[in-house]
Amino acid sequence: MGALRLYAAVVASGLRRYATYRASTAAGIVTNTVFGVIIAYTYVALWDERPHLGGYDQSQALTFVWIGQALFAVMMLGMPSGVEAELMARIRSGDIAVDLYRPIDLQCWWLALDLGRALFQLAGRGVVPMAVGALAFQLALPHDILRWLAFLVAVVLGCVVSFALRYLVAMSAFWFMDGNGAVQMYGIVGTFFSGMLLPLNVFPGTIGDVARALPWSALLQVPADVLMGTHPGRGVLGSLLFQASWAAGLLGAGRLLQRAATRRVVVQGG
C-alpha cells in the first residue's frame, strides 16, 4: 500500500508539473485544432475520391483524424519530448547513478511520472480539439457509455505502451554517446506506424498486416478502432489484450536493459 501511495503521489506530481505550463498548453490546443481542420479537409477530399478507403466511411475517417489530434500529446505521436528526455539527460550527466541506488523502482517511478503527464495532456490538450472536431464535422462517435469506457482503457494501455517504447529509447543512452539519433528514429518510425499519417487500415497487403501488428498501432489505431467499433477480427477484448501484451513485453524488455545498465554503473563505479 505504501508503494501504491508513493506512485500515486508521483502521478499527481507529474500532472501538477505539466499543469504549470499554461501558455504552452493553450498553444498546443490551437496547434492541434488548426492541424486537425487542415487534415480533416484533406481526408474529405481523399474519401470523396475513394469512399470506404481502408474500410472507413468518411465520418469514421474524420473521427480518426480528431482522435489523433486529441491523443497527439498524450501518446507522444510526434517527436518524443516527455520524461525520456529528462531521463536521457540524467544518464548523460551521470546523475542516474543516484537514481539506481534509491530504494524505489526506476522504471515504475518514470512510468508514474509519465502517466501524470499523459493525464494532463488528455484533459488539457485532448478534449478541446475533439469537441471542435465534433462541432465542425460529422463524426462517428458512439452513444454507448461502455464503448467510451473501453476507449479510456485503450488510451491508458496505449500510454503504457508509449512509455515502454520511449523508456527503451532512453535506456539506449547508456551505450550510445548521444541518444538523439535513437530519438529521431523513434519519431519517424512512430509517426508512420502509429497511423498518424494515415490510418493503418489503408496500408495494403503485407505492410498493412505488419503495421497493425507492431506496438505503435496500440497508440492510435487501436484506441480509435475501439471507440468506433472498427476492429476486424479482434473485437474490443482482443484489441485490449493486444495492447496489454505489448505493454507487458516492452516493460519487461525495459527492465532487462535497466538491470544491464545497473550492472554497468556498478562496475564503472567500482
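Everything below is about the structure shown above.
Let me sum up the structure you'll find in this document. (Residues numbered from 1 in each chain as written. Predicted model: local features only at pLDDT ≥ 70, side-chain atom pairs only at ≥ 80, totals over all residues. Heavy atoms only, no water.)

**Focus: the overall build of the protein chain**
From N to C terminus, the protein chain includes 11 helices and zero strands. Its helices and strands in sequence order give the protein chain the pattern α-α-α-α-α-α-α-α-α-α-α, from N to C terminus. Against the 2.2 N^0.38 benchmark of 18 Å for 270 residues, the protein chain shows a C-alpha radius of gyration of 19 Å, consistent with a compact globule. For the protein chain, the proportion of its 270 residues judged to be buried stands at 49%. Taking contacts inside the protein chain between residues at least 6 apart in sequence as the whole, the part at least 24 apart equals 80%. With an accessible surface of roughly 12,800 Å², the protein chain has 68% of that area assigned to carbon and sulfur atoms. Distance from the positive charge centre (18 side chains) to the negative charge centre (13 side chains) of the protein chain: 10 Å. (Helix = DSSP H or I, 4+ residues; strand = E, 2+ residues; numbered from the N terminus. Rg over C-alpha atoms; globule rule 2.2 N^0.38 Å. Buried < 20%, exposed > 50% of the residue type's maximum accessible area, 1.4 Å probe, protein only. Contact = heavy atoms within 4.5 Å. Areas by Shrake-Rupley, 256 points an atom, 1.4 Å probe, with all protein chains shown as cover. Lys, Arg positive; Asp, Glu negative; His and termini not counted. Charge placed at Lys NZ, Arg CZ, Asp CG, Glu CD.)

**A word on helix H3 (residues 58-75)**
In this model, H3 (18 residues) spans 24 Å end to end at C-alpha, consistent with the 26 Å of a helix rising 1.5 Å per residue. If you look at H3, its biggest bend is around 30°, right at glutamine 69. Of all 18 residues making up H3, 16 are buried, and the element is well covered by its neighbours. Looking one or two residues past H3, methionine 76 carries a phi angle of roughly 55°, positive in sign. (Expected span 1.5 Å × (residues − 1). Bend = angle between axes of the 7 residues up to and from the residue.)

**Description of unusual backbone geometry**
Its identity as a non-glycine residue notwithstanding, histidine 52 has a phi of 65°, on the positive side. Here histidine 52 lies in the loop between helix H2 (22-49) and H3. Phi is positive for methionine 76, which is not a glycine, with a value near 55°. Counting through the fold element by element, methionine 76 comes out in the loop between H3 and helix H4 (83-93).

**Observations regarding the nonpolar core**
Within the largest apolar cluster, 74 residues are counted, with the highest numbers of intra-cluster contacts made by Ile67 and Leu87. For this core, the element with the most residues is helix H7 (residues 145-171), which contributes 15 residues. In contact with leucine 87, other than residues within four places in its own chain, are Ile96, Trp110, Tyr167, Ala170 and Met171. (Core = buried A, V, L, I, M, F, W, Y, C linked by side-chain atoms within 4.5 Å.)

**Some points on the environment of tryptophan 246**
Assignment of secondary structure puts tryptophan 246 in helix H11 (residues 235-269). Using a relative accessible area of 28% as the deciding quantity, one classes tryptophan 246 as partly exposed. Ignoring anything within four residues of it in the chain, the contact list for tryptophan 246 reads Val161, Ala213, Leu214 and Pro215.

**Quick look at the packing of H3 against helix H6 (residues 106-136)**
Pairs of packed helices are described in terms of their axes, by the angle between the two and the distance that separates them. Axis separation between H3 and H6 bottoms out at 7 Å; the angle between their running directions is 160°. Compared by their axis directions, H3 and H6 come out roughly antiparallel. Once H3 is placed against H6, the crossing between them reads as right-handed. Contacts between H3 and H6 pair Trp66, Ile67, Gln69, Ala70, Leu71, Phe72, Ala73 and Val74 from the former with Arg117, Ala118, Gln121, Leu122, Arg125, Gly126, Pro129, Met130 and Gly133 from the latter. Across the contact of H3 with H6, the residue classes break down as 11 nonpolar, four polar and two charged. (Axes fitted to C-alpha atoms, helices over the stretch in contact; angles between N-to-C directions. Parallel < 35°, antiparallel > 145°, perpendicular 65-115°, else oblique. Left-handed = near helix turned anticlockwise from the far one by under 90°. Nonpolar A, V, L, I, M, F, W, Y, C, P; charged D, E, K, R; others polar.)

**Observations concerning the environment of asparagine 201**
With respect to the helices and strands, asparagine 201 occurs in the loop between helix H8 (180-193) and helix H9 (205-213). Along the backbone, asparagine 201 and leucine 220 are 19 residues apart, and their C-alpha atoms lie at a distance of 12 Å. Leave out the neighbours within four places in its chain, and asparagine 201 touches Gly54, Tyr56, Arg212, Gln221 and Asp225. In terms of polar contacts, asparagine 201 uses its side chain to reach the side chain of tyrosine 56, at 3.2 Å. (Polar contact = N/O pair within 3.5 Å; in protein donor to acceptor, adjacent residues only side chain to side chain.)

**Focus on helix H10 (residues 221-228)**
Burial within H10 is extensive, with eight of its eight residues counted as buried. Residues of H10 that are buried: Gln221, Val222, Pro223, Ala224, Asp225, Val226, Leu227 and Met228. Phi turns positive, to about 75°, at glycine 229, one or two residues after H10.

**A short note on the side chain of serine 239**
Mapped onto the secondary structure, serine 239 falls in helix H11. Engagement of the side chain of serine 239 in a polar contact is seen with the backbone oxygen of glycine 235, the distance being 2.9 Å.

**What about the environment of alanine 123?**
Mapped onto the elements, alanine 123 comes out in helix H6. For the pair formed by alanine 123 and alanine 70, sequence separation is 53 residues and the distance between their alpha carbons is 9.2 Å.

**Some details on the packing of aromatic side chains**
On inspection of all chains with the given rule, the structure shows 11 aromatic pairs. With a centroid separation of 6.0 Å and an interplanar angle of 90°, the aromatic rings of tryptophan 148 and phenylalanine 151 are classed as edge-to-face. Placement of both tryptophan 148 and phenylalanine 151 in helix H7 is noted, with a separation of three residues, approximately one turn of the helix. The exposure class assigned to tryptophan 148 is partly exposed, which follows from its relative accessible area of 28%. (Phe/Tyr/Trp six-rings, centres within 6.5 Å; stacked < 30°, edge-to-face > 60°.)

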